[in-house]
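Each chain, letter by letter, is given below.
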Amino acid sequence: MQRGVRVGAVVVLGLVGFLVVGSQLSSDHPGGGVLVVGLLVGGGIAAAGWWFRRKRQEQLAAWALATGWAYAPRDPGLGLAQLHTARPFGQGHSRTTSDVLTGTYDGLPAVSFTYEWTTGSGDEKRTYQVHVVGLALPAFLPTLDVTPEGFGARVAKAFGARDLQLESAAFNDAYRVDAPDARTAHAILHPRTLERLLQADALGTSWRIEGTWLLSWETGTTDTTRIAPRLGVLSAVVRGVPRHVWQDHGYDPATDGPPGDRARRWAPWGAPTG
């Protein structure tokens, strides 16, 4: 911490020095001084950005160490930007992942990362970031997309998007469900799981099962205080999947080993699983 304060002080003093020198040059040589000031301020901003990014990485690494997870500034070869094909994935260009945290949650292989993409160019260029958390699944499951009802969902349905209706009117009012395999979706979203998803900590959560991953996303960069609460919702969904659904897709949880052993076998990374 003291080292971080010292580095921060150096950055601030450097910026002050840049401005003082630039101001002097500007008074002596008005034309060239403006250019120098611009270059110096730009360099100072870049240096400050580097410092804050470095501190952010140190904080995330410390969080990972304290929780028994592993941290990587960038995707360590897991193909995180291609885990799913639907939103927020597969949009725009310049897709990147950063601040990757891997470990276990409730005995399940878990991941957290920031996903970023860009749309447009020039004056129309926009960059977006979402904080993604997810659980690796032991078997491939049909796609099941659950998102909160809202303006976007209403527009999608107006253009013919699916909205599977379930046994709970409250759930139907709160969420839109898109599932090509309605039978499996009904089996996964049984009354106990619907009740869990209507609890305060789950309301408003977007999540999707696609292939061997259950992912959730929300706007912004990685927030470690949000990892456990969101994974708690996802874990409830996984734990609620009926045995016959797993069996239909080549996996039987009753014949698997202890949770820790399962997590090590499912985990698609070589880092410690906690």
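If you're wondering where the values come from, they're calculated on a predicted model, not measured in any experiment. (Residues numbered from 1 in each chain as written. Predicted model: local features only at pLDDT ≥ 70, side-chain atom pairs only at ≥ 80, totals over all residues. Heavy atoms only, no water.)

K.L.:
Any chance you could explain the overall build of the protein here in plain terms?
P.N.:
On a plain count of helices and strands, the protein comes out with nine helices and six strands. A burial count over the protein gives 42% of its 274 residues as buried. Residue pairs at least 24 apart in sequence account for 65% of intrachain contacts in the protein once pairs closer than 6 positions are excluded. Total accessible area computed for the protein in this model is approximately 14000 Å², and 59% of it derives from carbon and sulfur atoms. (Helix = DSSP H or I, 4+ residues; strand = E, 2+ residues; numbered from the N terminus. Buried < 20%, exposed > 50% of the residue type's maximum accessible area, 1.4 Å probe, protein only. Contact = heavy atoms within 4.5 Å. Areas by Shrake-Rupley, 256 points an atom, 1.4 Å probe, with all protein chains shown as cover.)

K.L.:
Can you walk me through empty space enclosed by the protein in this structure?
P.N.:
To find the voids left in a structure, one rolls a probe of water-molecule size over its atoms. Enumeration according to the criterion identifies one cavity of 30 Å³ or more in this entry. Each pocket or cavity is described by its volume, and for the largest cavity that value is around 30 Å³. Lining the largest cavity are R183, T184, A187, H244, V245, D248 and H249. Listed by contribution, the elements that provide at least two residues to the lining of the largest cavity are α5 (182-188) and α8 (243-248). (1 Å grid on protein atoms, 1.4 Å probe; cavity = no way out; pocket = protein on both sides within 12 Å on 5 of 7 lines; lining within 4 Å. Points joined across faces, edges and corners; volume = space filled by probe spheres on them.)

K.L.:
Looking at this model, I keep getting lost on the layout of surface pockets. Mind explaining?
P.N.:
Of the pockets and cavities examined, the largest pocket occupies roughly 220 Å³. Lining the largest pocket, in full, are R87, P88, Q91, W117, Y128, Q129, V130, T147, S206, W217, E218 and T219. Of the residues contributing to the lining of the largest pocket, the split by class is five nonpolar, five polar and two charged. (Nonpolar A, V, L, I, M, F, W, Y, C, P; charged D, E, K, R; others polar.)

K.L.:
Is there a simple way to think about the confidence of the model for the protein in this case?
P.N.:
In regions of low pLDDT, the predicted coordinates are not meant to be interpreted in detail. Scored by pLDDT, the protein comes out at a mean of 83, with 71% of its residues at no less than 70. Note that pLDDT drops below 50 for residues 1-5; the model gives that stretch four contacts with residues more than four away or on any other chain. (pLDDT = per-residue confidence, 0-100.)

K.L.:
Quick question: what am I supposed to make of unusual backbone geometry here?
P.N.:
Note: most residues except glycine have negative phi, and most peptide bonds are trans. Here the bond from R87 into P88 is cis, since omega is 0 degrees, no more than 30 degrees from zero. Tracing the backbone shows P88 in the loop between β1 (70-74) and β2 (93-105). Phi is positive for S94, close to 55 degrees, though the residue is something other than glycine. Inspection of the secondary structure puts S94 in strand β2. For S94, a relative accessible area of 48% gives the class partly exposed.

K.L.:
What am I meant to see in the side chain of S98 here?
P.N.:
Here S98 is to be found in strand β2. When sequence neighbours within four positions are dropped, the list of residues in contact with S98 reads R53, P73, R74, F113 and T114.

K.L.:
For this particular structure, what's the right way to read the packing of aromatic side chains?
P.N.:
Working definition: an aromatic ring pair is given by the centre-to-centre distance plus the angle between the planes. If you walk through the whole model with that rule in mind, you get six aromatic pairs. Judged by centre distance (5.5 Å) and plane angle (80 degrees), the rings of W63 and W69 are edge-to-face. For the ring pair W246 and Y251, a centre distance of 5.5 Å and an interplane angle of 85 degrees mean the geometry is edge-to-face. For the pair W246 and Y251, a shared accessibility class is recorded, and that class is buried. (Phe/Tyr/Trp six-rings, centres within 6.5 Å; stacked < 30°, edge-to-face > 60°.)

K.L.:
Any chance you could explain the nonpolar core here in plain terms?
P.N.:
One recurring pattern in soluble globular proteins is that nonpolar side chains are buried together. Core analysis: the largest hydrophobic core is formed by 40 residues, its most contacted members being L144, L189, L197 and W207. Examining the composition of this core, we find that seven residues originate from one element, strand β4 (residues 126-148), more than from any other. Beyond its immediate sequence surroundings of up to four residues, L144 is in contact with V177, D178, A179, A185, I188, L189, W207, R208 and I209. (Core = buried A, V, L, I, M, F, W, Y, C linked by side-chain atoms within 4.5 Å.)

K.L.:
What is the right way to look at the side chain of R230 in this model?
P.N.:
Examined against the element boundaries, R230 turns out to sit in helix α7 (residues 224-240). Here the side chain of R230 touches H131 through a polar contact of 2.9 Å, landing on its backbone oxygen. Apart from the residues lying within four places of it in its own chain, the contact partners of R230 are H131, V132, V133, S216, W217 and E218. (Polar contact = N/O pair within 3.5 Å; in protein donor to acceptor, adjacent residues only side chain to side chain.)

K.L.:
Mind showing me how you'd approach the pattern of salt bridges here?
P.N.:
Applying the stated criterion across every chain yields a total of eleven salt bridges. One salt bridge connects D145 with R87, and the closest N-O pair in it is separated by 3.3 Å. On the criterion of sequence distance, the pair formed by D145 in strand β4 and R87 in the loop between β1 and β2 is long-range, its members being 58 residues apart. For R87, a relative accessible area of 35% translates into the label partly exposed. R239 is paired through a salt bridge with D106; the nearest N and O atoms lie 3.3 Å apart. Within this pair, whereas R239 is found in helix α7, its partner D106 is found in the loop between β2 and β3 (108-119), the two being separated by 133 residues in sequence. Looking at D106, the relative accessible area reads 44%, which means it is partly exposed. Connected via shared salt-bridge partners are R54, K55 and E58. (Salt bridge = Lys/Arg side-chain N within 4 Å of Asp/Glu carboxyl O.)

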